Amino acid sequence: SFSVKDFVPNPTMDRTNLIVTASKDQDITVAFYNVVGQKVLESSHQLNKGGNRLEFDLGKLASGTYTAIVSSANDVYTKKVVLARQ
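My aim in this report is to walk through the structure given alongside it, one point at a time.

Basis of the calculations
Residues numbered from 1 in each chain as written. Predicted model: local features only at pLDDT ≥ 70, side-chain atom pairs only at ≥ 80, totals over all residues. Heavy atoms only, no water. Pairing = 2+ DSSP bridges. Helix = DSSP H or I, 4+ residues; strand = E, 2+ residues; numbered from the N terminus. Buried < 20%, exposed > 50% of the residue type's maximum accessible area, 1.4 Å probe, protein only. Contact = heavy atoms within 4.5 Å. Salt bridge = Lys/Arg side-chain N within 4 Å of Asp/Glu carboxyl O. Core = buried A, V, L, I, M, F, W, Y, C linked by side-chain atoms within 4.5 Å.

## Looking at the pairing of strand E6 (residues 64-71)
Each regular strand shows side chains that alternate between the opposite faces of the sheet. The pairing of strand E3 (residues 26-33) with E6 spans five bridges and is classified as antiparallel. Each bridged residue has a counterpart across the sheet, and for Phe32 the counterpart in E6 is Ala68. With eight bridges joining them, E6 and strand E7 (residues 76-83) adopt antiparallel strand pairing. Looking at the pairing, Ile69 lines up with Thr78 of E7. Counting the residues between successive antiparallel strands, the hairpin from E6 to E7 contains four residues.

## Side note on the side chain of Ser72
Note that Ser72 resides in the loop between E6 and E7. The class of Ser72 is buried, set by a relative accessible area of 17%. In this view, Ser72 contacts Phe2, Gln26, Asp27 and Ile28; residues no more than four positions away in its chain are not counted.

## Observations regarding the pattern of salt bridges
Between side chains of opposite charge, a pair can form as their charged atoms come close. If you walk through the whole model with that rule in mind, you get three salt bridges. We note a salt bridge from Glu55 to Arg15, for which the minimum N-O separation is 3.1 Å. Of this pair, Glu55 sits in strand E5 (residues 50-57) while Arg15 sits in strand E2 (residues 15-22), and the two are 40 residues apart along the sequence. Take Glu55: its relative accessible area is 44%, and that puts it in the partly exposed class. Lys39 is the salt-bridge partner of Glu42, the closest N and O atoms lying 3.4 Å from each other. Here Glu42 falls in the partly exposed class, since its relative accessible area comes to 45%. The network of salt bridges with common partners includes Arg15, Glu55 and Asp57.

## Considering the nonpolar core
The biggest cluster of nonpolar side chains holds 19 residues, and the ones touching the most others in it are Phe2, Leu18, Val30, Phe32, Leu54 and Phe56. Of all the elements in the fold, those that place two or more residues in this core are strand E1 (2-8), E2, E3, E5, E6 and E7. Setting aside chain neighbours within four positions, we find Phe32 in contact with Phe7, Gln38, Lys39, Val40, Leu41, Phe56, Leu58, Tyr66, Thr67, Ala68 and Val81.

Structure follows, in structure tokens:
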């Protein structure tokens, strides 16, 4: 299993990191959805046991609030990230 801390920084202007702690090595998928529920970005990651920092470049997305669904074979977490451009 794993636990999802939060996005840092949040809000962000382009790049953000998701902090994830895993109890064992495992694969996860992170999918970002916009406010109308469209999937706008998806990526797979290998977690190592302990703390992990996953970097995301949201620079191609429009400003707004996105929902990130972080899932493995056994767990699903939901986190919000705000993309705020100047």
